[in-house]
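Understanding the architecture of this molecule
Residues per chain, in single letters:
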Amino acid sequence: MADFIRDNNNKDGIDRRGFLQCMAWAGTGVLYTLHGGILKSLPLAQGAAGGMQMEKMKGADFSFIQISDSHIGFNKEANPDVTATLQIAVDRINSAAAPPDFLLHTGDISQLSKPSEFDTAEQVLKSAKASRIFYVPGEHDVLTDDGKQYLDRFGKDTKGKGWYSFDHKGAHFIGLVNVVDLKAGGLGSVGSDQLKWLQDDVRNLKSSTPVIVFAHIPLWAVYPEWGWGTDDSEQALGYLKRFGSVSVLNGHIHQIMQKVEGNVTFHTALSTAFPQPAPGTAPSPGPMKVPADHLRSVLGISHVNYIQGHHSLAIVDSPLA
Amino acid sequence: MKRIKWIFGLAAMVVTAFACTTGTKPSLAMSPGDKPASGATVKIDNFSFGPANITIPAGTTVTWTNNDDVPHVVTSDDNKMFKSKALDTEDRFSFTFTKPGTYNYYCAIHPKMTAKIVVQ
């Protein structure tokens, strides 16, 4: 952690070597700030993990927490007690001096869409000190009844299969569903109905409005071979091209990944249940088994700070241990 | 030999009794010379169907078993002909193919998983 970027010819705070070091830090607590397409990073000392990271950043207009992939009901070797690790995540949220404005849950709340799993998840999440939790479904949440149970519990007042938007302190949030009506051989799918809605939803927004999109499956091609991407994401993001600042928050892949493309920054969150392998490093994207005493360091939540006038969000990925 | 004849005799009696009570052809009861009911198995391992392509005679029942730590949903490409519930680890799903043809299928929640059954 004492290491630093030595060669910085572009004076942009990052070089290839530094970038690789940043990636190595991911999962041990890294503060990423993304300004106008330039990635800057600051490693956070392990000892400060419980305090500094979870505070609202100085100067931030507001902050929120992204929580993802709780998989309540999963009980295999990779994590026999996913309820306990979700509770730890909630405890971490509650230990912050300044509570977040709200939580975003980016899907896979449950493992098998069972009522008992949803009950347990709701019970644990209810104890989070947050005025509201916004959800989008993961494919594990819509396994029965065409997703009706998910909509009844987590998607009231949403459109279609659970998509919606809302405004918060000048920023426009868009929750997309890309886990239903998936076609054989394909990836995640937004679908024509939702694309049409999205186009209408942003039609009257000023281009200076910061836009934050959240959905379960990554809206960029992380690794299509494992289904880690969305077939019609380009079309969806095409409607957002004119905006000066677009942030895309996803889950699904149980690891931190990010990409900056023009004015769009992409970020995926850790799971609170189990890690998954880096793209192509295992025979399949199934749950990755790690030593029990290492598990909490590869699970976590994301603390997202919004600062007015900045092009992008500052995201702190905070592991549970 | 005597014992075998006795068993056949008993089997015949069972078949007769079954036929009498239901009034239909006792297709499930076996009589000497019948072939055993045909079946084929497909295993789901590491997010793939194995074997990915199988050829079976009409009337074959295919049984899928999920060996992964994550659920899968076996679904015909048309989403109508057959669709399993979410199969948790070790769960099974069976479907009997009665008509010849080529049937493509996939996992409804991991659509990159595709496979094919040819019925002759």
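None of these values were measured; they are calculated from a predicted model. Residue indices begin from 1 for each chain and proceed along its sequence in written order. Each chain is given a letter, starting from A, and each ligand a number, starting from 1, according to the order in which they appear as written. Totals for whole chains, interfaces and linings use all residues, but because this is a predicted model, local features are given only for residues with pLDDT of at least 70 and pairs of side-chain atoms are given and counted only at 80 or more. Processing note: side-chain calculations cover all non-hydrogen atoms of the structure and skip hydrogens and water entirely.

Side note on the overall build of chain B
As a reminder of what qualifies: Counting from the N terminus, the helices are DSSP H or I runs at least four residues long and the strands are E runs at least two residues long. Buried means the residue's accessible area, taken with a 1.4 Å probe over protein chains only, is under 20% of the maximum for its type, while exposed means over 50%, and partly exposed covers the values in between. Should any heavy atoms of two residues lie within 4.5 Å, those residues are counted as being in contact. The accessible surface values rely on the Shrake-Rupley method and a 1.4 Å probe; as for residues, cover is taken only from the protein chains in view.
When you go through chain B residue by residue, the secondary structure sums to one helix and eight strands. Helices and strands appear in chain B in the N-to-C order α-β-β-β-β-β-β-β-β. Within chain B, the fraction of its 120 residues that count as buried is 36%. Partitioning the intrachain contacts of chain B with sequence separation of at least 6 by distance along the chain shows that 46% fall at a separation of at least 24. Accessible surface, chain B: about 7,300 Å² in total, of which carbon and sulfur atoms supply 59%.

Things to note about the overall build of chain A
Scanning chain A from N- to C-terminus turns up six helices and 13 strands. Among the 321 residues that make up chain A, the fraction classed as buried is 58%. Carbon and sulfur atoms make up 52% of the accessible area of chain A, which amounts to about 13,000 Å² in all.

A closer look at helix 5 (residues 192-202) of chain A
Residues and elements named next belong to chain A. Where we set the bar: Directions from the helix axis toward the C-beta atoms define the arc.
Inspection of helix 5 places Q194, L195, W197, L198, D201 and V202 among the buried residues, and these make up the whole buried set. When helix 5 is viewed along its axis, its buried side chains cluster within an angular range of 160° and face the same direction. Summarising the geometry of helix 5, the exposed residues directed more than 90 degrees from the buried face are S192, D193 and K196. Where helix 5 is buried, its residues meet strand 6 (164-168), strand 7 (171-175) and helix 6 (233-238).

Things to note about the packing of helix 2 (residues 82-94) of chain A against helix 3 (residues 115-126) of chain A
The packing of two helices is summarised by the inter-axis angle and the distance between the axes. Residue and element names in this part refer to chain A. This is how it is decided: In this description, a line fitted to the C-alpha atoms serves as the axis of each element, helices being fitted only across the stretch in contact, and the angle between N-to-C directions of two axes falls anywhere from 0 to 180 degrees. Roughly parallel means an angle under 35 degrees; roughly antiparallel, over 145; roughly perpendicular, 65 to 115; everything else is oblique. By definition, any crossing whose near helix is turned counterclockwise from its far helix by less than a right angle is left-handed, and any crossing with a clockwise turn is right-handed. By the convention adopted, Pro, Cys, Tyr, Trp, Phe, Met, Ile, Leu, Val and Ala count as nonpolar, Lys, Arg, Asp and Glu as charged, and the other residues, Gly among them, as polar.
Between helix 2 and helix 3, the shortest axis-to-axis distance is 9 Å and the interhelical angle comes to 25°. By the angle between their axes, helix 2 is roughly parallel relative to helix 3. Read as a crossing pair, helix 2 and helix 3 show a hand that is right-handed. Residues T83, L86, Q87 and V90 of helix 2 lie in contact with helix 3, whose contacting residues are T120, A121, V124 and L125. For the contact of helix 2 with helix 3, the class distribution of residues is five nonpolar, three polar and no charged.

Some thoughts on the confidence of the model for chain A
To be explicit about the condition: Per residue, pLDDT captures the predictor's confidence, and it can take any value from 0 to 100.
The predicted model of chain A has a mean per-residue pLDDT of 84, with 81% of residues at 70 or higher. Every residue in residues 1-54 of chain A scores below 50 in pLDDT, and together they form 109 contacts with partners more than four places removed in sequence or on other chains.

Some remarks on the environment of B:H72
Residue and element names in this part refer to chain B. Note the following rule: Throughout this description, a polar contact denotes any pair of N or O atoms lying within 3.5 Å of each other; where both atoms belong to protein, one of them has to be capable of donating a hydrogen while the other can accept it, and for residues adjacent in sequence the pair is counted only when both atoms sit in side chains.
Structurally, the position occupied by H72 is in the loop between strand 4 (60-66) and strand 5 (74-76). Separated by 13 residues in the primary sequence, H72 and K85 have C-alpha atoms spaced 8.5 Å apart. Excluding anything up to four places from it in sequence, H72 contacts I44, F47, N66, S84, K85, A86, L87, C107, I109, H110 and M113. There is a polar contact of 3.0 Å between the side chain of H72 and the side chain of H110.

Things to note about the pattern of salt bridges
To be explicit about the condition: When a carboxyl oxygen of Asp or Glu lies within 4 Å of a side-chain nitrogen of Lys or Arg, that pair is called a salt bridge.
Per the stated rule, a full pass over the model turns up twelve salt bridges over all chains. Three or more residues joined by partner-sharing salt bridges are found here, namely A:D119, A:E122 and A:R153.

Digging into the packing of aromatic side chains
Just so we agree on the cut-off: Each pair of aromatic rings taken from Phe, Tyr and Trp, with Trp reduced to its six-membered ring, is defined by centres within 6.5 Å and is described as stacked if the planes are under 30 degrees apart, edge-to-face if over 60, and tilted in the remaining cases. Charge over a ring is defined by NZ of Lys or CZ of Arg lying within 6 Å of the ring centre and within 35 degrees of the ring normal.
Following the criterion strictly, the structure yields 29 aromatic pairs over all chains and no others. Pairing A:W226 with A:W228 gives two aromatic rings, centres 5.1 Å apart and planes at 80°, and the pair type is edge-to-face. For the pair A:W226 and A:W228, a shared accessibility class is recorded, and that class is buried. Arranged with centres 5.3 Å apart and planes meeting at 80°, the rings of B:W64 and B:Y105 form a pair that is edge-to-face. A residue pair is termed long-range when its members are at least 10 positions apart, and B:W64 in strand 4 and B:Y105 in strand 7 (residues 101-107) qualify at 41 residues. In this pair, the class of B:W64 matches that of B:Y105, namely buried. By way of ring pairs, the aromatic residues A:F62, A:F64, A:F102, A:F134, A:Y164, A:F166, A:F173, A:F214 and A:Y306 are connected into one cluster. Geometry around A:F74 places A:K76 over its ring, the cationic atom sitting 6.0 Å from the centre.

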